[in-house]
Amino acid sequence: MNAAQQTIASGLKVSKSIAAVDLSVGALARAPALLKAHFGAGTAVLIADENTWTAAGLALDAHLRAAAVTVETHVLPAKPKPKPSVELAATLLSALQSEGAIPVAVGSGVINDVVKYAAFKLGRPYLCVATAASMDGYTSAGAPLSEKGFKKTIQCAPPRVIVADVDVLSKAPPDMTSWGYSDLAGKIPAGADWILADELGIEAIAPAPWNMVQGHLREFLAHPGDVARGDPAAIENLFAGLSLVGFAMEFYGSSRPASGADHQIAHLWEMQGLEHDGDAVSHGSCVAIGSLAALRLYSWFLAQDLGRLDIEATVARAPDFARKADAIRQAFGPSEICERSIEETRLKHAGKDALRQRLMRLKECWPSLRRRLERQIVSPDDFAHMLRTAGAPSTPMEIGVDDHGLRQTVLSSLYLRSRYTILDVLDDTGWLQSAVSAFPASSGIKTGATV
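Read on for a plain summary of the structure. Given the structure is predicted, the values throughout are model-derived calculations rather than measurements. (Residues numbered from 1 in each chain as written. Predicted model: local features only at pLDDT ≥ 70, side-chain atom pairs only at ≥ 80, totals over all residues. Heavy atoms only, no water.)

### Description of the packing of helix 8 (residues 174–185) against helix 13 (residues 232–252)
Helix-helix packing is characterised by the crossing angle of the two axes and by the distance between the axes. Their axes nearest at 10 Å, the elements helix 8 and helix 13 cross at an angle of 45°. By the angle between their axes, helix 8 is oblique relative to helix 13. In this structure, the crossing between helix 8 and helix 13 has a hand that is left-handed. Touching Thr 177, Gly 180, Tyr 181, Asp 183 and Leu 184 of helix 8 are Ile 235, Leu 238, Gly 241, Leu 242 and Val 245, all from helix 13. By residue class, the composition of the contact of helix 8 with helix 13 is six nonpolar, three polar and one charged. (Axes fitted to C-alpha atoms, helices over the stretch in contact; angles between N-to-C directions. Helix = DSSP H or I, 4+ residues; strand = E, 2+ residues; numbered from the N terminus. Parallel < 35°, antiparallel > 145°, perpendicular 65-115°, else oblique. Left-handed = near helix turned anticlockwise from the far one by under 90°. Contact = heavy atoms within 4.5 Å. Nonpolar A, V, L, I, M, F, W, Y, C, P; charged D, E, K, R; others polar.)

### A word on the pairing of strand 8 (residues 161–165)
The element strand 8 is extensively covered by neighbouring structure, given that five of its five residues are classed as buried. Residues of strand 8 alternate between two faces, with Val 161, Val 163 and Asp 165 on one and Ile 162 and Ala 164 on the opposite face, all of them buried. Where strand 1 (residues 20–24) lies against strand 8, five bridges are found, and the strand directions are parallel. Opposite Asp 22, over in strand 8, you have Val 163 as the bridge partner. Bridging between strand 5 (residues 127–129) and strand 8 involves three bridges; their strand directions are parallel. Counted as the bridge partner of Cys 128 is Ile 162 from strand 8. (Buried < 20%, exposed > 50% of the residue type's maximum accessible area, 1.4 Å probe, protein only. Pairing = 2+ DSSP bridges.)

### So, the packing of aromatic side chains
To describe a pair of aromatic rings, one takes the distance between the centres and the angle between the planes. In the structure shown here, the tally under the stated rule is five aromatic pairs. Members of the aromatic cluster, connected to one another through ring pairs, are Trp 194, Trp 210 and Tyr 252. Here the basic side chain of Arg 160 rests over the ring of Phe 39, its NZ or CZ set 5.5 Å away from the ring centre. A cation over a ring is seen here: Arg 296 above Phe 439, with NZ or CZ 5.6 Å from the ring centre. (Phe/Tyr/Trp six-rings, centres within 6.5 Å; stacked < 30°, edge-to-face > 60°. Lys NZ or Arg CZ within 6 Å of the ring centre and 35° of its normal.)

### Observations concerning the sheet that holds strand 5
Taken in spatial order, the six strands of this open sheet run 1-8-5-4-2-3, and their pairing is parallel. Strands at the two margins of the open sheet, each flanked by one partner only, are strand 1 and strand 3 (70–76). The average undirected angle you get between the axes of adjacent strands in this sheet is 15°. Where strand 4 (residues 101–106) meets strand 5, three bridges bridge the pair, whose relative direction is parallel. Residue pairing across strands places Val 104 opposite Leu 127, the latter belonging to strand 5. On top of the sheet, helix 3 (residues 50–66) reaches strand 2 (43–49), strand 3, strand 4 and strand 5; it is set at about 160° to strand 2, its chief contact.

### A short note on the state of the cysteines
Under the criterion given, the structure shown has zero disulfides. Cys 128 provides the cysteine sulfur closest to Cys 156, a residue in no disulfide bond, and the two sulfurs are 13 Å apart. (Disulfide = S-S within 2.5 Å.)

### Focus: helix 22 (residues 422–429)
Burial within helix 22 is extensive, with seven of its eight residues counted as buried. The complete set of buried residues in helix 22 reads Ile 422, Leu 423, Asp 424, Val 425, Leu 426, Asp 428 and Thr 429. For helix 22, the side-chain oxygen to backbone nitrogen distance between the N-cap and Leu 423 is 3.1 Å, and the N-cap itself is Thr 421. Positive backbone phi, approximately 80°, marks Gly 430, located one or two places after helix 22. (Polar contact = N/O pair within 3.5 Å; in protein donor to acceptor, adjacent residues only side chain to side chain.)

Right under this line is the structure:
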């Protein structure tokens with residue numbers, strides 16, 4: 001058992017839902033045995049799109065039929081790209097609800113998430129055949145789906161069995177692998193956000209899921225060039241790292257161990273249907289730029305002198321909830337995004353007294369907090385280099401966002417989630433606008449400006 005497989009084994013020990021993960025060369029040929037062992041007799045209903053069908057579906061279909069497994073196939077068009085939505089998942093229910101149907105997702109992000117949700121709605125376990133190391137959702141107990149245009153993570157059971165053939169993963173399009181690297185790299189600022197919430201007494205760090213995500217994170221991210229080249233060992237390690245993140249989310253019961261301001265920024269672009277060169281921008285690419293923006297905010301924040309913060313003046317200037325709701329309506333207009341953002345913001349809004357106490361605690365814990373954050377984050381320059389080396393976008397223009405659009409997205413993403421992040425601490429101090437205004441032009445990265 002190599003290091004990646006040992007990582008997977010450690011995750012399986014804490015999972016309540018996942019019985020087996022075969023991450024190895026030739027795993028696809030062992031899928032029939034795994035299906036029979038963990039699902040019994042039935043009809044394997046293969047859900048794929050045209051791309052993932054070519055990548056793994058055809059071979060899987062042949063292996064299953066050779067093993068005398070009854071197979072039905074449902075192949076979605078690859079263009080336009082399937083969108084991760086509750087509405088798409090609902091179209092799969094009729095194909096999966098017949099007696100004895102075994103849902104089998106053949107694909108990565110969208111396919112896995114819609115099958116995961118559909119299987120959960122039907123109360124059925126499912127098998128996932130991974131086709132790319134492109135995201136951390138294979139092992140997670142949640143499906144990030146849009147419903148009426150608002151993207152949210154819906155809690156539902158992960159697959160009972162995952163088949164991840166390293167040969168298949170290594171041959172995935174390089175841009176998809178870069179999405180997985182970006183998603184994993186986003187755990188750096190996400191971890192910093194959890195440190196913030198922990199120090200301020202808002203959401204304590206749970207050691208087990210924290211260690212699952214952060215314990216080997218730098219090791220998994222250490223060879224972006226090998227990832228870009230599709231080196232099998234690097235891809236196997238990347239998949240293992242992403243899988244461990246999913247196990248952590250299942251264990252903790254939410255996406256907090258893996259998601260912070262980086263994902264809020266990314267999700268807003270996804271909700272708005274961001275496109276570049278005629279195609280929808282991937283989740284991983286959005287996370288790459290969202291993570292870089294979050295690290296810019298952290299770099300700016302850590303350069304500030306908290307001793308200069310006038311708590312009483314800050315509390316006096318803080319907007320009440322009605323003003324925040326008006327700002328949300330102005331940002332989003334009449335929409336599901338607007339209404340959901342108002343509710344999320346209501347959950348985390350601090351009144352004057354609560355805000356005063358929070359700012360006092362921030363000042364008191366600043367030496368400890370600053371040390372912890374400095375150990376956690378990397379500089380925006382270094383992060384951008386990691387992304388570029390892995391083949392991921394490292395400037396907003398690469399995903400079709402200009403500098404003004406980046407700043408507006410970061411400001412608006414504050415409202416999307418009740419989860420406390422760097423966006424919230426900057427909003428609490430009255431510094432968010434200043435921090436965002438200090439973003440450099442996309443051609444370069446500059447840090448350290450002060451208020």
